[in-house]
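Here is how the chains run, residue by residue.
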Amino acid sequence: MLARDALVKQLRDYQDWSGDNVVVVFDGQGARPSSTAYPRDVQIFYARRGQSADAIIERLACKYAKRFPITVATSDLLEMETVNACGATCISPEGLRDLLKAARKSA
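Draft legend 1. Layout of a positive patch on the surface. A cluster of basic side chains, namely R48, R59, K63 and R67, defines a positive patch on the protein surface. Here K63 is to be found in helix 2 (residues 53–64).

As structure tokens, this is what we get:
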């Protein structure tokens, strides 16, 4: 739970610095999209029991990649191929860390 909270905080900071909309998808039980007090807060999705985060990511990428630039951070090669086929781009988790660090330095 602490790792998730730390990641969401870093992604929220990145969103504030970059102006990019950020969506994070977690495996595991939880609410549907998190309710947020601010319209531009990070959206958080949790996969339901029997559903994977990958399935949610693929659905979002296929639905929105034609209209918005979408970048997915994953180390799963099959997931990369799937979201690329939908029109999204991919970066590795290490690439995401570098992106977060670079945004922090430029802020």
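The structure having been displayed, the exposition proceeds.
Draft legend 2. Structural detail: the environment of S18. Secondary-structure assignment places S18 in helix 1 (residues 2–18). Judged by relative accessible area, S18 falls into the partly exposed class, the value being 32%. Along the primary structure S18 and S106 are separated by 88 residues, whereas in three dimensions their C-alpha atoms are 9.5 Å apart. From its side chain, S18 meets the backbone nitrogen of D20 in a polar contact 3.0 Å long.

Draft legend 3. Structural view of the pattern of salt bridges. One pass over the full model with this rule turns up two salt bridges. Here K9 ties to D13 by a salt bridge, and the two come within 2.9 Å at their closest N and O atoms. Of this pair, K9 and D13 both sit in helix 1, four residues apart, roughly one helical turn. Taking relative accessible area as the criterion, K9 reaches 48% and is therefore assigned partly exposed.

Draft legend 4. Just the nonpolar core, in detail. Among the nonpolar cores identified, the biggest contains 12 residues, and these are V25, F45, A47, A53, I56, I57, A61, A65, V72, V83, C86 and A88. At four residues, helix 2 tops the list of elements feeding residues into this core. Excluding anything up to four places from it in sequence, I56 contacts V25, F45, Y46, A47 and Q51.

Draft legend 5. Expanded view of the environment of D20. Here D20 shows up in the loop between helix 1 and strand 1 (23–26). With relative accessibility at 38%, the residue D20 sits in the partly exposed group. Sequence spacing of D20 and V42 is 22 residues, and the spatial spacing of their C-alpha atoms is 9.9 Å. Contacts of D20, omitting those with residues within four sequence positions, involve Y14, Q15 and R40.

Parameters at a glance
Residues numbered from 1 in each chain as written. Predicted model: local features only at pLDDT ≥ 70, side-chain atom pairs only at ≥ 80, totals over all residues. Heavy atoms only, no water. Patch = residues over 30% accessible without salt bridge, like charges linked within 9 Å, V, L, I, M, F, W, Y side chains within 5 Å. Areas by Shrake-Rupley, 256 points an atom, 1.4 Å probe, with all protein chains shown as cover. Salt bridge = Lys/Arg side-chain N within 4 Å of Asp/Glu carboxyl O. Lys, Arg positive; Asp, Glu negative; His and termini not counted. Charge placed at Lys NZ, Arg CZ, Asp CG, Glu CD. Helix = DSSP H or I, 4+ residues; strand = E, 2+ residues; numbered from the N terminus. Buried < 20%, exposed > 50% of the residue type's maximum accessible area, 1.4 Å probe, protein only. Polar contact = N/O pair within 3.5 Å; in protein donor to acceptor, adjacent residues only side chain to side chain. Core = buried A, V, L, I, M, F, W, Y, C linked by side-chain atoms within 4.5 Å. Contact = heavy atoms within 4.5 Å.

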